[in-house]
Every structure is written in structure tokens, then in C-alpha cells.
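For reference, the chains in residue letters:
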Number of protein chains: 2
Amino acid sequence: MVIEIDFNSDEALYLQLRNQIIMGIATSQFHEGDSLPSVRQLADLVGINMHTVNKAYTVLKQEGFVKVDRRKGAVIAIDVDKLQTIAELKKELRVILAKGSCKNITREEMHELIDEIYEEYGGLE
Amino acid sequence: MVIEIDFNSDEALYLQLRNQIIMGIATSQFHEGDSLPSVRQLADLVGINMHTVNKAYTVLKQEGFVKVDRRKGAVIAIDVDKLQTIAELKKELRVILAKGSCKNITREEMHELIDEIYEEYGGLE
DNA sequence: CATTTGTGATAAGATAAGTATAACAAAAGA
DNA sequence: TCTTTTGTTATACTTATCTTATCACAAATG
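Residues numbered from 1 in each chain as written. Chains lettered and ligands numbered in written order. Predicted model: local features only at pLDDT ≥ 70, side-chain atom pairs only at ≥ 80, totals over all residues. Heavy atoms only, no water.

Trainee: Explain the overall build of chain A here, please?
Mentor: Along the backbone of chain A there are five helices and two strands. For chain A, the α and β elements follow one another from N to C terminus as α-α-α-β-β-α-α. Projected onto the principal axes, the alpha-carbon positions of chain A cover approximately 50 × 35 × 25 Å. In chain A, which comprises 125 residues, the share counted as buried stands at 42%. By sequence separation, contacts in chain A at least 24 residues apart represent 48% of the contacts at least 6 residues apart. Carbon together with sulfur atoms contributes 47% to the accessible area of chain A, which is approximately 6,900 Å² in total. Between the centroid of the 15 positive side chains of chain A and the centroid of its 21 negative side chains there is a distance of 10 Å. (Helix = DSSP H or I, 4+ residues; strand = E, 2+ residues; numbered from the N terminus. Buried < 20%, exposed > 50% of the residue type's maximum accessible area, 1.4 Å probe, protein only. Contact = heavy atoms within 4.5 Å. Areas by Shrake-Rupley, 256 points an atom, 1.4 Å probe, with all protein chains shown as cover. Lys, Arg positive; Asp, Glu negative; His and termini not counted. Charge placed at Lys NZ, Arg CZ, Asp CG, Glu CD.)

Trainee: Explanation requested: the nonpolar core in the structure shown.
Mentor: A general tendency of soluble globular proteins is for nonpolar side chains to be buried together. If you look at the biggest cluster of nonpolar residues, it comprises 71 residues, and the most contacted ones within it are Tyr57 and Met110 of chain A together with Tyr57 and Met110 of chain B. When neighbours within four sequence positions are excluded, Tyr57 of chain B is seen to be in contact with Ile21, Leu36, Pro37, Val39, Leu42, Val66 and Ala74 of chain B. (Core = buried A, V, L, I, M, F, W, Y, C linked by side-chain atoms within 4.5 Å.)

Trainee: Got a minute to help me understand the protein's contact with DNA strand C in this structure?
Mentor: In the neighbourhood of DNA strand C, 23 residues make up the surrounding shell, with Leu13, His51, Thr52, Lys55 and Arg71 of chain B lying closest. Backbone atoms, meaning sugar plus phosphate, form 58% of the atoms of DNA strand C positioned within 4 Å of the protein. Here a base nitrogen of DNA strand C sits 2.8 Å away from a polar atom, N or O, in the side chain of Arg40 of chain A. Contact distances for DNA strand C include 2.8 Å between a phosphate oxygen and a side-chain N or O atom of Thr52 of chain B. Elements that contribute at least two residues to the surface near DNA strand C include exactly α2 (39-46) and α3 (50-62) of chain A together with α1 (13-26) and α3 (50-62) of chain B. Taken together, the residues of the surface near DNA strand C sort by class into eight nonpolar, eight polar and seven charged. (Near = heavy atom within 4 Å. Polar contact = N/O pair within 3.5 Å; in protein donor to acceptor, adjacent residues only side chain to side chain. Nonpolar A, V, L, I, M, F, W, Y, C, P; charged D, E, K, R; others polar.)

Trainee: Mind showing me how you'd approach unusual backbone geometry here?
Mentor: Negative phi values dominate among residues other than glycine, just as trans dominates among peptide bonds. The backbone phi angle of Ser28 of chain A is positive, close to 60°, even though this residue is not glycine. Within the chain, Asn104 of chain B stands out as a residue other than glycine whose phi angle is a positive 65°. Relative to the elements of secondary structure, Asn104 of chain B occurs in the loop between α4 (82-102) and α5 (107-120). Take Asn104 of chain B: its relative accessible area is 44%, and that puts it in the partly exposed class.

Trainee: Looking at this structure, I do not really get the side chain of Gln16 of chain B. What am I missing?
Mentor: All names here are of chain B. With respect to the secondary-structure elements, Gln16 resides in helix α1. Classification of Gln16 as buried rests on a relative accessible area of 6%. From its side chain, Gln16 meets the backbone nitrogen of Asp6 in a polar contact 2.9 Å long. Setting aside chain neighbours within four positions, we find Gln16 in contact with Glu4, Ile5, Asp6, Ser9 and Glu11.

Trainee: Explain the pairing of strand β1 (residues 66-69) of chain B here, please?
Mentor: Residue and element names in this part refer to chain B. Sheet topology note: the β1/strand β2 (residues 73-76) ladder contains four bridges and is antiparallel. In the strand pairing of β2, Val68 is matched with Ala74. The antiparallel pairing of β1 with β2 creates a hairpin that spans three residues between the two strands. (Pairing = 2+ DSSP bridges.)

Trainee: Help me understand the environment of Glu112 of chain B in this model?
Mentor: Residues and elements named next belong to chain B. Looking at where Glu112 falls in the secondary structure, it is placed in helix α5. Of the residues examined, Glu112 reaches a relative accessible area of 47% and is grouped as partly exposed. Measuring from C-alpha to C-alpha, the distance between Glu112 and Lys91 comes to 20 Å, with 21 residues separating the pair along the chain.

Trainee: Just to check I follow, could you spell out the interface of chain B and chain A for this structure?
Mentor: A common way to state how big an interface is: give the accessible area lost once the parts meet. Each side of the interface is counted separately: chain B has 47 residues, and chain A has 47 residues. Of the roughly 5,200 Å² buried between chain B and chain A, counting both surfaces, carbon and sulfur atoms make up 68%. With a closest N to O distance of 2.6 Å, Glu116 of chain A and Lys90 of chain B form a salt bridge. For the interface between chain B and chain A, the tally reads 25 residue pairs in polar contact (both at pLDDT 80 or more). When contributions to the side of chain B that touches chain A are tallied by element, the ones reaching two or more residues are α1, α4 and α5 of chain B. Per element, the largest residue contribution to the side of chain B that touches chain A is 17 residues, and it comes from α4 of chain B. (Buried area = accessible area lost by both parts, 1.4 Å probe. Salt bridge = Lys/Arg side-chain N within 4 Å of Asp/Glu carboxyl O.)

The analysis is restricted to geometry; functional conclusions fall outside its scope.
Next comes the structure, spelled out in C-alpha cells:
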């Protein structure tokens, strides 16, 4: 999977990594059990420091997307807690929907947006 | 409208303000033409510095939610650019939907979440 | 045995966030 | 006219976060 860093972005590097890896899992570019590159490899690959990659992995571990195995490094391992996930999503969506509502985005259009993105993600459910 | 700051949150104070005001507009607690409190008033009210409030207002202005009138202060004035808004929402939603997809949240459940939040917002379209 | 792994400690620089204080011109009210 | 309040700008300081750098260690690999 191609991971790219935008050094001009105002988003923190470790968050860019985290988001791209989460999207990589959602788009089936990473599968349960796959190993991510070692912190040193990925750091060299994208041209950033080892500890920044490690921070991204640590966040992913804490959020239940990977488990770190001494032998295999960071391994994709989804820890599903739907109730907690829904609570978190709801909080984030509230702000986004408010923003859309102010800008005259209707509920219908928001549903269409959701479907479009799910299409991008290969129509998975 | 009640604006409250969580000093224990890891979210920046000016972003908490911004988000609450946007949600306040979406829930019709603020209407087009309404004046927000002056930077000094709101700063005193919630117990933070004047410049932090000013930063929130500046962001809201740049994002097209308010216009700053020399006489009336920060006035709710929505600048609607649907195409740009949709593009922005899509980018933010991509990460959120990916997160949900990894955690087994289906497209249907995501639609339900959207509807629930729109219900919270008083069923507006 | 040498290499690579994740992890930890520590230090340093850079950037952002938040506060504090001061000042100014414009507008409003008395 | 005088005072107050307004948004705005400037400067300075502290604090926190982000990022890099270097070193080190035990565990696993080949």
C-alpha cells in the first residue's frame, strides 16, 4: 500500500499515518493478520523519524486497530466494540452534520455522500 | 445559548467554541443576523482569554459562518458554497466512515446514525 | 554471532495554544 | 464633548505538542 505524507498539511504527521492506515484497512489493502512495516522501515520509506511512526502505531494499538507482536511487529487486529464505536462516531458526526446543515446540505444529500464514499470503498458493508 | 468549555478536553479551546457555535446555528439557537457576544463578554463568561475567543471568531469568519461588523460585532451570516462544502465534508467523512467500516458498522447503521443526529437537531432539513 | 525488532530514556528544536498587557480608531450612549 | 465599548493589532511570555536525534536494551531472527 502506498503511504504518502503531506509535509505542507497542517495535520500532524502521525495522524496522517494513522488515518491512511485506517483507510487502508477499510479498503482491504490491509487484512486481519497482516504485518505493517517496521517503524524503522516505514520511517525511512516516507522520510520521517522512527518515533513519529511509533506514535502512529501506538495510537492505532490504543484505538483497537493493531496489536503489536514482539516477533511480527504491528499486526492488523481489529478489536470491535460496536457500542463504543457508535458513541465515538456520533460525537464526531454531530459537528460535521451541523456544518453541513448550516450550509444547506440536506439529510438526503448527506445520505448520498455516505453512499458515495462506501462506493469508493468498494461497496463493502 | 449556553456555551461551555471543557478544560479537561484535549480539544483546543478555540475549536470547542467554534464547534459549539456551529452546532448552535444548526439547532436554530442562533439565526442569520444574530450578534454573538463580544469577544470580551464571551471570554469573561466562559473564563478564558479574549484572544482565544477572537481566534474562534476569526476561524468562523474564514469558514463562512459569521461576518464581523465594526458596529455589531460577530454576526451570523452563512456564506453557502455547496460544492466546496460537499468536498470538505467528503474528506472528513472518509476517515470517519473508514473507522466505522473497520469496526463493523454497516452502511445501514451509518444512515441510521445520520438520521438520529438530524432528529436531535429538531428534524430540520 | 550479527542483525533487526519493539521499546524506553533523554535531549533538543520547532510549532501551536493560551494568557497577559497594552494600544488604537471607530462606533455608541449619555 | 466625554466616556465606554467595540474589533483589531502588537508584543511577550508560558505551556504543551510535535518532530527529530541519539543512545541503549532485551527479545527474536537468520
